[in-house]
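Architecture at a glance
Chain by chain, the residues run as shown.
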Amino acid sequence: MRIGVVTFPGSLDDVDAQRAVRIGGNEAVPLWHGEHDLKGVDAVVLPGGFSYGDYLRCGAISRFSPVMAEVVEAAGRGMPVLGICNGFQILCESHLLPGALIRNDHRKFVCRDQRLRIERTDTPWTSAYAAGQEITVVLKNGEGGYVADDATLDRLEGEGQVVARYLEHNPNGSLRDIAGVSNERGNVVGLMPHPEHAVEDLTGSGTDGLGFFTSLVEAVLA
Amino acid sequence: MSRVVVDVMPKPEILDPQGKAVLGALPRLGFSGVADVRQGKRFELEVEGEVTDEVLAEVARMAETLLSNPVIENFTVRVEESAEVQA
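Procedures and definitions
- Residues numbered from 1 in each chain as written.
- Chains lettered and ligands numbered in written order.
- Predicted model: local features only at pLDDT ≥ 70, side-chain atom pairs only at ≥ 80, totals over all residues.
- Helix = DSSP H or I, 4+ residues; strand = E, 2+ residues; numbered from the N terminus.
- Buried ≥ 20, exposed ≤ 12 C-beta atoms within 10 Å, placed from the backbone.
- Rg over C-alpha atoms; globule rule 2.2 N^0.38 Å.
- Contact = placed C-beta atoms within 7 Å.
- Arc of directions from axis to C-beta.
- Nonpolar A, V, L, I, M, F, W, Y, C, P; charged D, E, K, R; others polar.
- Core = buried A, V, L, I, M, F, W, Y, C linked by C-beta atoms within 7 Å.
- pLDDT = per-residue confidence, 0-100.
- Pairing = 2+ DSSP bridges.
- Axes fitted to C-alpha atoms, helices over the stretch in contact; angles between N-to-C directions.

1. Looking at the overall build of chain B
From N to C terminus, chain B includes 2 helices and 3 strands. For chain B, the sequential pattern of α-helices and β-strands runs β-α-β-α-β. If one aligns the C-alpha atoms of chain B with their principal axes, the spans along those axes are about 45 × 35 × 15 Å. Relative to its 87 residues, chain B shows a buried fraction of 13%.

2. Focus: the overall build of chain A
Each helix and strand counted, chain A has 5 helices and 11 strands in total. Whereas a compact globule of 222 residues would reach a radius of gyration of roughly 17 Å, chain A reaches 15 Å, a difference of no more than 12%. Each principal axis of the C-alpha atoms in chain A carries an extent, and together these give about 40 × 40 × 35 Å. Counting all 222 residues of chain A, 56% fall into the buried class. Counting only contacts in chain A whose residues sit at least 6 apart along the sequence, the fraction spanning at least 24 positions is 75%.

3. Describing helix H2 (residues 53-67) of chain B
Residue and element names in this part refer to chain B. Buried within H2 are the following residues: Val59, Ala63 and Leu67. Buried residues of H2, seen end-on, are gathered within an arc of 50° and therefore sit on one face of the element. In H2, the exposed residues that point more than 90 degrees away from the buried face are Asp53, Glu54, Ala57, Arg61 and Thr65. Each element contacted by the buried residues of H2 is listed here: strand S1 (2-10), strand S2 (41-47) and strand S3 (73-80).

4. So, the interface of chain B and chain A
The interface is formed by 9 residues belonging to chain B together with 13 residues belonging to chain A. With 3 residues, the top contributor of residues to the side of chain B that touches chain A is helix H1 (residues 17-28) of chain B. Split into classes, the residues belonging to the side of chain B that touches chain A amount to 7 nonpolar, 2 polar and no charged.

5. With respect to unusual backbone geometry
All names here are of chain A. One non-glycine residue, Lys39, lies in positive phi territory at about 55°. With respect to the helices and strands, Lys39 occurs in the loop between strand S2 (27-32) and strand S3 (43-46). Phi is positive for Asp177, which is not a glycine, with a value near 60°. Tracing the backbone shows Asp177 in the loop between strand S9 (162-166) and strand S10 (178-182).

6. With respect to the nonpolar core
One finds Ile3(A), Val44(A) and Val45(A) to be the most contacted residues of the largest nonpolar core, which totals 68 residues. Setting aside anything within four residues of it in sequence, one finds Val44(A) in contact with Gly4(A), Val6(A), Leu38(A), Val71(A), Met79(A) and Val81(A). The next biggest cluster of nonpolar side chains, apart from the first, holds 5 residues, and it includes Val4(B), Val59(B), Ala63(B) and Phe75(B).

7. Looking at the confidence of the model for chain B
On average, residues of chain B score 93 in pLDDT, and 93% of them reach the 70 mark or higher. ipTM for the predicted complex: 0.87, alongside a pTM of 0.94.

8. Quick word on the sheet that holds S2(B)
All names here are of chain B. Ordered in space as S2-S1-S3, the 3 strands form an open sheet in which the pairing is antiparallel. Either end of the sheet is taken by a strand with one partner, and the two such strands are S2 and S3. Mean inter-strand twist for the sheet, computed between neighbouring axes without regard to direction, equals 20°. Relative to S2, S1 runs antiparallel, the two being bridged by 7 bridges. Looking across to S2, one finds that Asp7 is bridged to Arg42.

9. Considerations on the sheet that holds S3(A)
Residue and element names in this part refer to chain A. Spatial strand order, S2-S1-S3-S4-S11-S10-S9-S6-S7: 9 strands in an open sheet with mixed pairing. Two strands close off the open sheet at either side, each with one partner strand: S2 and strand S7 (134-141). Neighbour-to-neighbour, the strand axes of this sheet turn through a mean angle of 25°, independent of strand direction. In this sheet, S7 lies alongside strand S6 (residues 110-118) in antiparallel orientation, the contact comprising 8 bridges. Following the sheet pairing, Asp113 is matched in S7 by Val138.

10. Re the environment of Val137(A)
All names here are of chain A. For Val137, the position within the fold is in strand S7. Under the C-beta neighbour-count criterion, Val137 is labelled buried, with 26 such atoms within 10 Å. Taking C-alpha positions, Val137 is 27 Å from Arg155, a pair spaced 18 residues apart along the chain. Excluding its chain neighbours within four sequence positions, the residues that come into contact with Val137 are Gln114, Leu116, Pro193, His194, Pro195, His197, Ala198, Ser205, Asp208 and Gly209.

11. Comments concerning the environment of Phe212(A)
Residues and elements named next belong to chain A. The residue Phe212 is located in helix H5 (residues 211-221) in this model. Using a count of 35 C-beta atoms within 10 Å as the deciding quantity, one classes Phe212 as buried. Each C-alpha atom, one on Phe212 and one on Pro171, is 21 Å from the other, the two residues being 41 residues apart in sequence.

In structure tokens, the structure reads:
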């Protein structure tokens, strides 16, 4: 499959995400924030970083970039979209995902190998995992605290929209230990930890993140 | 030109780590008597022409679209009187 990876001004992990897409067995297609063009891709990854310098709020400016108009429209038609870290923040600002991400409760940037439990596996990004599977991937964020009102959190839990949860240690004050959520349909997934940094043994912390990039193939072949 | 001010604050129920950091710094600097600090943002919009109700409504739309995130923040819109001179 052809998976687009958007580069915004200030994106950091776009090249890592492209590499993870290729290692996952798909073709990586670079997309540019300033173009109204998804180049006919089958899915889109919004990578981590500090798009537009995190000015105003993380993801607040990126949300209105030309490419995001296309992403929002395609997501509405069911195209798979994965937002990682800053990408998750952009998806929340775009209202493609509920809730918001605020500064870590302990006020420090966190960078660690993080244990997670995959809770929703019927999405195009997580179907390679078993329900309840525990994985370890890198987490690195300054504004990763997931918040939403209680009614929204209850709905997310009730509808099974919590995709991943922090295990052993809540690294950023996220409510109900939420590390990732999906929209109702499941095609849009946001995740604060970085599976694209855990796809090769060479660079440490294992290959537990690879499933996010092989799931699309499995979802199609299934 | 008229100035319209939009104040954006984190909702009361949303944790404000920056405000907490400021609150923690005050007693270290010898300031006492502050029970809580919330940190927000202030936007000053220089608006062309008269500030009518329509203009204020338009600014409110700007505030809810871009200047604030309604999931975590509240905002207020007000006209700053031109007689006010900054010290």
